[in-house]
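One-letter residues, chain by chain:
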Number of protein chains: 2
Amino acid sequence: MMKQIFFAKYFQAISLKQTIFLLLLILVFENALILWKYLSNEEKSVNPYSNTVEDRIIFIGGSGRSGTTLMRVLLDVHGSVFCGPETKLLPSLMSSINYFNQQYPPDYLLQKTSIYSKSINEATANFIKYVLKTRKKQENKIICAKDPPILLYMGDLVNYFPKAKFIFMVRDGRDVALSMLKYEKKQYNFLNFVAKLKEWNSINNRTLSLCNKFGPNYCKIVVYEKLVTTKEIVLRDLMKFLELKWNNKLLSHENFMDSDVELGVSGWSNSQVIQPIYNKISSKNWTRQIEDYDEKTVLKEIPMLKYFGYV
Amino acid sequence: MMKQIFFAKYFQAISLKQTIFLLLLILVFENALILWKYLSNEEKSVNPYSNTVEDRIIFIGGSGRSGTTLMRVLLDVHGSVFCGPETKLLPSLMSSINYFNQQYPPDYLLQKTSIYSKSINEATANFIKYVLKTRKKQENKIICAKDPPILLYMGDLVNYFPKAKFIFMVRDGRDVALSMLKYEKKQYNFLNFVAKLKEWNSINNRTLSLCNKFGPNYCKIVVYEKLVTTKEIVLRDLMKFLELKWNNKLLSHENFMDSDVELGVSGWSNSQVIQPIYNKISSKNWTRQIEDYDEKTVLKEIPMLKYFGYV
């Protein structure tokens, strides 16, 4: 009995010390946690824009009518990426920012407006990131933008997104030109045909220079004709480039169009991408459809056809 | 006596331990609170876009040559606000976004591109906020942008920044037109003069509609001629509108031009704003400088002159 009381008292007495010690321990731990959290997040919370570097982002571009829609549908079917329909917004934004940057080079900009060029870059990167991350059905996938002219801004985009990947779609300019004339309901004659070919030549030439400049880690050329004839080889290679796992869905994307792919209204290529990929190698339609077709002029005026091995 | 000592001892003994225990308990609780607050705020730091609503921002605009530079210099001298030189960037950005929004109204945009119009608004607001907050010499002051055409985007800007304040500078169009002709090195004749007056009429007409639409909580008209003749009255009233404290520096801004004001290179109004505000009420220079000046035509073609009481 005496012993019990003694122990109870002893325990009580110690318990207070122990409690105090325990509380102190908790305090030290809590404070350490707060301090650590604070220090590790400080840069982030002062500049929430600095984590841009971490972001993966995929851009699909090239001349129009070159399979950019097919490509984005394939990535959407893959499941890890959300490309969705053309954004329309990105080329418009980039063109405006690019034009402004040309008028106001960094030093001049700072002197004249007190604005840092770096700020505009960061703000633009975050604009793009934010709009893409909050798209309908995005669901936390890798962000992606498909807009034919977007690769022309590769220089800026690499700067904004060091982890960007660019897919450059290339297709025989003569099929592209024919498709363009049909799309724009223009007359099928050689003059119109060559005009479209020249546009094709210019956009492919400029995109190719950028693609070569930033190299194979950033930019991948995907030849449409190869994609449709040797689909698995091309896509397995592409998945490596994009650092994505292979997914068999890619081989029969047409089966997943309803569930996985947001088509967007009035996408002109929709009627084509809902079909299986078939060997749609050019049957040289232009020789029949453009009555005054003149191969010599084409060879001379459109050097990119030769570069890509189409002639 | 014994009793007292006993109680004192008892009280002392318990009191120290109890106090320590109590203090520790409070500390633990406080720390837990800090930690909880911090963790619950983490979402905020993940999404830096959510606190837009809180931001105060001031926009200074109106027709060019209407005292917008003087106004921004006054605010810069005040000390709580950083306006700095014209941003140039904001009108360019807003024009591009505005054009895009007109081409793609919200529902159509979402259907066609899977992009939410709200996302574009938020991204644009944050673009502006970020660029302005990171300007040279900004130093955590209230952000402000001075660009003559910026008030034309009041509708969008109110949407982006519910706490925005707009200062609409108005000055006699005939002085403005004369100043424009001088600035652009154009011939002083009635044809050129009226062309400039029509521009002045249009920008003031459109800005006035917006200013009336959003009301006196958002938009304040500052008449240049009143500012230079009754400076203190106008500025005290303005400070109330801006919810800023009065600062006597405002009455002699020319004394603080070096220390407080970032002039920016080749701002055309710089040579004027470094001088004290003097009674520069129009001496009707146009009647002398425009030889074929025709008051009747002006009265008929430029209705805003009458609206603002200049004729």
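What comes next concerns the included structure. Just so we're clear, the structure is a prediction, and the values are computed from it rather than from any experiment.

## Looking at the overall build of chain A
- What chain A contains, in helices and strands, is 15 helices and 5 strands.
- A buried classification covers 50% of the 311 residues belonging to chain A.
- Within chain A, contacts between residues separated by at least 24 positions form 76% of all contacts whose residues are at least 6 apart in sequence.
- Total accessible area on chain A is roughly 15,900 Å²; 56% of this is exposed by carbon and sulfur atoms.

## Remarks on the packing of helix H8 (residues 173–183) of chain B against helix H9 (residues 190–214) of chain B
All names here are of chain B.
- Axis separation between H8 and H9 bottoms out at 9 Å; the angle between their running directions is 120°. Classed by the angle they form, the pair H8 and H9 counts as oblique. The handedness of the crossing between H8 and H9 is right-handed. Judged by residue contacts, Gly173, Arg174, Val176, Ala177, Leu178, Met180 and Leu181 of H8 engage Asn192, Phe193, Lys196, Leu197 and Trp200 from H9.
- A per-class count over the contact of H8 with H9 returns 8 nonpolar, 2 polar and 2 charged.

## Re a nonpolar patch on the surface
All names here are of chain A.
- Taken together, Phe29, Leu33 and Trp36 make up a surface patch of nonpolar side chains, about 350 Å² in accessible area.
- When you line up the elements, Leu33 lands in helix H1 (residues 2–46).
- Residue classification places Leu33 among the partly exposed positions, given a relative accessible area of 31%.

## Remarks on the state of the cysteines
Residue and element names in this part refer to chain B.
- Here the structure, examined in full by the defined rule, presents 4 disulfides over all chains.
- Here Cys83 connects covalently by a disulfide to Cys144, the sulfurs 2.1 Å from one another. Between Cys83 and Cys144, the S-S torsion sits near 90°, and that sign places the bridge as right-handed. Separated by 61 residues along the polypeptide, Cys83 in the loop between strand E2 (81–82) and helix H4 (89–103) and Cys144 in strand E3 (residues 142–146) bring together distant segments of the chain.
- Classification of Cys83 as buried rests on a relative accessible area of 0%.
- The class for Cys144 is buried, based on a relative accessible area of 0%.
- Each sulfur in the disulfide pair Cys211 and Cys219 lies 1.9 Å from the other.

## Remarks on the sheet that holds strand E5 (residues 219–223) of chain A
All names here are of chain A.
- Within the open sheet, the 5 strands sit side by side as E2-E3-E1-E4-E5. Their pairing is parallel. Looking along the sheet, the strands with just one partner apiece sit at the ends: strand E2 (81–82) and E5.
- One ladder, built from 4 bridges, connects strand E1 (residues 57–62) with strand E3 (residues 142–146); its direction is parallel. The partner of Ile58 across the bridge, within E3, is Cys144.

## Notes on the packing of helix H5 (residues 117–133) of chain A against helix H6 (residues 117–133) of chain B
- It is at 9 Å that the axes of H5(A) and H6(B) come closest, and there the two elements cross at 160°. Judged on the interaxial angle alone, H6(B) and H5(A) are roughly antiparallel. The crossing of H5(A) and H6(B) is right-handed. Contacts from A:Ser119, A:Ile120, A:Glu122, A:Ala123, A:Thr124, A:Phe127, A:Tyr130 and A:Val131 in H5(A) reach B:Ser119, B:Ile120, B:Glu122, B:Ala123, B:Thr124, B:Phe127, B:Tyr130 and B:Val131 in H6(B).

Calculation rules
Residues numbered from 1 in each chain as written. Chains lettered and ligands numbered in written order. Predicted model: local features only at pLDDT ≥ 70, side-chain atom pairs only at ≥ 80, totals over all residues. Heavy atoms only, no water. Helix = DSSP H or I, 4+ residues; strand = E, 2+ residues; numbered from the N terminus. Buried < 20%, exposed > 50% of the residue type's maximum accessible area, 1.4 Å probe, protein only. Contact = heavy atoms within 4.5 Å. Areas by Shrake-Rupley, 256 points an atom, 1.4 Å probe, with all protein chains shown as cover. Axes fitted to C-alpha atoms, helices over the stretch in contact; angles between N-to-C directions. Parallel < 35°, antiparallel > 145°, perpendicular 65-115°, else oblique. Left-handed = near helix turned anticlockwise from the far one by under 90°. Nonpolar A, V, L, I, M, F, W, Y, C, P; charged D, E, K, R; others polar. Patch = residues over 30% accessible without salt bridge, like charges linked within 9 Å, V, L, I, M, F, W, Y side chains within 5 Å. Salt bridge = Lys/Arg side-chain N within 4 Å of Asp/Glu carboxyl O. Disulfide = S-S within 2.5 Å. Pairing = 2+ DSSP bridges.

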